[in-house]
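Structural description and commentary
Below are the chains, spelled out letter by letter.
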Amino acid sequence: MTLPSHSQVIVIGGGIIGCSTAYHLARDYKADVILLEQGKITSGSTWHAAGLVGQLRSSASITKVLKYSVELYKGLASETGLDTGWKMTGCLRLATNPDRWTEFKRLATTARSFGMEMELISPAEVKQMWPLMDVSDLIGASWLPTDGQASPSDITQSLAKGARMHGARLFEGVTVTGFRMDGQRITHVQTDQGDIACEKVVNCGGMWARELGAMAGVTVPLHPVKHQYIITDKIAGLSADAPTLRDPDRRTYFKEEVGGLVMGGYEPNPQGWVTGDIPKNWEFRLFGDDFDHFAQHMEQAIARVPALETVGVKQMINGAESFTPDGNFILGPSPDCANMYVGAGFNAFGIASGGGAGWVLAEWVMRDEAPLDLWAVDIRRFSGLHKDRDWVAERTLEAYGKHYTVAFPHEEYDSGRPRIVSPLYDRLKSYGAVFGSKLGWERPNWFAPEGVAPKDIYSMGRQNWFGPVGEEHAHVRSHAGLFDQSSFAKYELSGPKAAEALEWICANRVARDVGRLTYTQLLNSRGGIECDLTVGRLAYDHFYIVTGTGFRTHDAGWITDHLPASGVIFRDVTEDWGTLSLMGPQARSILEKVTSSDVSNVAFPFGHLREIKIAGVPVRALRVTYVGELGWELHCPIDQLGIVFDALMGADPMLRPVGYRALESLRLEKGYRAWSSDITPNDSPYEAGLGWAVKMKSGVDFIGRKALDAVQNQPLQKMFVGFTVDDPSAVLVGRETILRDGQPVGYLTSGGYGYTVEKSIGFGYVRDEAGISDSWLEQGTYRLMIAGEETPAQLHLTPLYDPLGKNIRS
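The model shown is predicted, which means the values in this text are computed figures rather than measured ones.

1. Side note on the overall build of the protein chain
Helix and strand content of the protein chain: 18 helices and 38 strands. Whereas a compact globule of 810 residues would reach a radius of gyration of roughly 28 Å, the protein chain reaches 27 Å, a difference of no more than 12%. A principal-axis box enclosing the C-alpha atoms of the protein chain has dimensions of 80 × 65 × 55 Å. The 810 residues of the protein chain split such that 61% are buried. Here the analysis covers contacts within the protein chain between residues at least 6 apart in sequence; of these, 72% occur between residues at least 24 apart. Carbon together with sulfur atoms contributes 49% to the accessible area of the protein chain, which is approximately 29600 Å² in total. Side chains of the protein chain give 79 positive and 96 negative charges; the mean places of these two sets differ by 3 Å.

2. Looking at the sheet that holds strand β38 (residues 789–796)
Spatially, the six strands close up into a barrel ordered β33-β36-β35-β34-β37-β38, and their pairing is antiparallel. Shown here is a sheet whose adjacent strand axes are inclined to one another by a mean of 40 degrees, direction ignored. Relative to strand β37 (residues 782–786), strand β34 (residues 737–740) is paired through four bridges, and the arrangement is antiparallel. What sits directly across from Thr 737, in β37, is Met 785. Sheet strands in contact with helix α16 (residues 660–670) are β35 (743–754) and β36 (759–772), and its direction is about 130 degrees off that of β35.

3. What to know about the pattern of salt bridges
Following the criterion strictly, the structure yields 41 salt bridges and no others. Close ionic contact of Arg 100 with Asp 249 constitutes a salt bridge, the shortest N to O distance being 2.7 Å. Of this pair, Arg 100 sits in helix α3 (residues 98–113) while Asp 249 sits in the loop between β13 (244–247) and β14 (252–257); the two residues are 149 residues apart in sequence, bridging distant segments of the chain. With a relative accessible area of 21%, Asp 249 lands in the partly exposed category. Of the charged contacts in the structure, one is a salt bridge between Asp 709 and Arg 705, with a shortest N-O distance of 3.6 Å. Separated by four residues within a single helix, Asp 709 and Arg 705 lie in helix α17 (residues 705–711), roughly one turn from each other. For Asp 709, a relative accessible area of 38% gives the class partly exposed. The network of salt bridges with common partners includes Asp 137, Asp 247, Arg 250 and Arg 304.

4. Some thoughts on the packing of aromatic side chains
All chains considered together, the criterion is met by 29 aromatic pairs. Consider the rings of Phe 114 and Tyr 747, whose centres lie 5.2 Å apart with planes at 75 degrees: the pair is edge-to-face. Placement of Phe 114 in the loop between α3 and β5 (119–121) and of Tyr 747 in strand β35 is noted, with a sequence separation of 633 residues between them. Seen in terms of ring centroids, Trp 273 and Phe 287 are 4.9 Å apart; in terms of plane orientation they differ by 85 degrees. Their pairing is edge-to-face.

5. So, the nonpolar core
Counting 50 residues, the largest nonpolar core has Val 11, Leu 25, Leu 159, Val 202, Leu 331 and Leu 374 as the members making the most contacts within it. Of all elements in the fold, only β1 (6–12), α1 (16–29), β2 (33–37), α2 (60–80), α5 (152–165) and α8 (350–367) reach the threshold of two or more residues within this core. In terms of residues, this core owes the most to one element, α8, which gives nine residues. Leaving out residues up to four positions away in the same chain, Val 202 has contacts with Val 9, Ile 10, Val 11, Ile 12, Thr 21, Tyr 341, Leu 361 and Val 365. Ile 186, Val 201, Ala 320 and Ala 344 belong to the second largest nonpolar core, which has 34 residues in total.

6. Structural notes on the packing of α1 against α2
The relative placement of two packed helices is expressed as an angle between their axes plus a distance between the axes. The geometry of α1 relative to α2 is characterised by a closest axis approach of 14 Å and an angle of 75 degrees between their N-to-C directions. Considering their axes alone, α1 and α2 lie roughly perpendicular with respect to each other. Residues Ile 16, Tyr 23, His 24 and Arg 27 of α1 pack against Tyr 68, Leu 72, Tyr 73, Leu 76 and Glu 79 of α2. Tallied by class, the residues present in the contact of α1 with α2 amount to six nonpolar, one polar and two charged.

Cut-off values and rules
Residues numbered from 1 in each chain as written. Predicted model: local features only at pLDDT ≥ 70, side-chain atom pairs only at ≥ 80, totals over all residues. Heavy atoms only, no water. Helix = DSSP H or I, 4+ residues; strand = E, 2+ residues; numbered from the N terminus. Rg over C-alpha atoms; globule rule 2.2 N^0.38 Å. Buried < 20%, exposed > 50% of the residue type's maximum accessible area, 1.4 Å probe, protein only. Contact = heavy atoms within 4.5 Å. Areas by Shrake-Rupley, 256 points an atom, 1.4 Å probe, with all protein chains shown as cover. Lys, Arg positive; Asp, Glu negative; His and termini not counted. Charge placed at Lys NZ, Arg CZ, Asp CG, Glu CD. Pairing = 2+ DSSP bridges. Axes fitted to C-alpha atoms, helices over the stretch in contact; angles between N-to-C directions. Salt bridge = Lys/Arg side-chain N within 4 Å of Asp/Glu carboxyl O. Phe/Tyr/Trp six-rings, centres within 6.5 Å; stacked < 30°, edge-to-face > 60°. Core = buried A, V, L, I, M, F, W, Y, C linked by side-chain atoms within 4.5 Å. Parallel < 35°, antiparallel > 145°, perpendicular 65-115°, else oblique. Nonpolar A, V, L, I, M, F, W, Y, C, P; charged D, E, K, R; others polar.

Below, the structure is given as structure tokens:
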């Protein structure tokens, strides 16, 4: 075997993800692609996967990816002649307690929102479909008829053959030993059989992806975890078409296989494997049987399927699977290397995800842009924090243990905390702060009043913070609140070409006068919203950029990917600057007490930034708001943040610190959009109601302009709108189906409660292929499907709070 000297794209890893990616690169793009596998095809973790294929996720885009997998598996055998073992058995998910049943009712609503039909059925119906099951403890079950199961090895071999049929070259027994680099770009893949020049590399190395990435300076935050399941002898009365079964309250799953059952589970005390490199020659390898650890699953499984007590166990599989710190897989371009893409960390969903992941990853590689909103799985959702393998291991084991727990709204992880704290952490704690975590930063979600325990108590209804957050909200509306937002991601762009570069990247006009502050989107070539941020001009050749905490790596990557090769300097200054947001009708009077600068509306209008001093500390003051009230973001050197905080709190005895849950309620009332939920790469500014923030009349070109030009005078097929619900018990969390005159027309992208308007609030896109207008919207009668119940709703096309436009600019 002689390796080629050059290839356009090199895929590393011959599991289902690598073979699917090579297949789609070859089939869809006729790419010159080779695949390198250190052992044999499927020899990593694919060969011992359980093979359950589910489709529904909380993200519409990821659900679309998984639905694509199912469609691919249905027809792949007819293309390649190799059977995939695909069986559309459907899937039952069992509920034994009210919280789980509410979760399933919300899941069924999500399924409908995403164009799938999930039924909720009774224990008697479950018994009829699965006669061997004990249903005595069930409340009910969800039934998704289009889910199923497949043979992981057979699917992968079929994809591998398909890749070869379309021109890809696959090489087994080739170990990648390193990369030749030119700066942050890979020029050659080094192997034990010679070097290969390439343009792009796709790291689909499974649990080896971490060490493969490290060879190129790329962090792939995954951790291998031991996952066990058994295969039983034949069981009398078990149908060959028995639905796959997930029993989350007992933490177990089942599927039929050759007359017996595959049964495994997700325990709360998982066994992680190595935090270092994977041992050499680990192809087709398993760990020894660990029946002591598995006994917890066996006990629960026998209670559900009593026949398991007497049936023989044919084999136990104890293999390593790659899991991630948040339970979502990893796709996309590395922010650390200019031409390495990653597809790894599939959290035992590799078979369900494989077909679709290969599809979107191939397009991402060839077009340098994701084909749809893949933020939930984008590698750029991580940060420098995730270079710490011990932290990643600890958080990943917690995520694994939550695999089958009830998914309560607003639930936080506990492990590895506190990791990053602002200088105000102890001060805020003394005020009763209850912290959440975002990209490692501890942030106050709410403040517990005296006599209330400062901790979250999770539930499916109103949670214990509902009342205290309402008080914080009201205080901002009536007086003022102080938000610690030091976790904001902050960048500086400087140099002679800085203004020109930002005008190309930003949809709004940002090269305004020095001292101006601009809210803008950054668009992709389809006109979809990739970033949502503010840009302030500090000097002619110096700009300050502020974006959301969780988007730090993503937004920095998008900006730097589109900068010119020279004439600009980009710096991430997140840890240099702390941020306090002073918001509320009394914000100006409070600020005037601590600074000698003129902060009147004439001297300091809305949409401007000024450098002022507070208690002798230099402060970048940004006149902007996310709550619909007069306010400033006050950015100062982070080591002096405590001085500024103390000065502000001391200036007004009524000023109080406020948390992020109140911020969310305040922004919902004002109709402000949140990136990753309300606005995404799938949505254009016109559809999102943000056309006013696009410089179409300027004649200046920018990324995405051509796409917007093409639709500028066309009727919109979807439009962002608001809804309120009068029912005081209605809890909106997002993904509730929107019904117009009884027909589904979209779903909510975000939901919450507005304490000023005293109603639940939801936002989302209403869709109609024939075109949407305000009059068409207003002619409809609306209901929201909330946890399976149709609830009357009122449509709103203007902000709920102060719809006549309270002058936050005064």
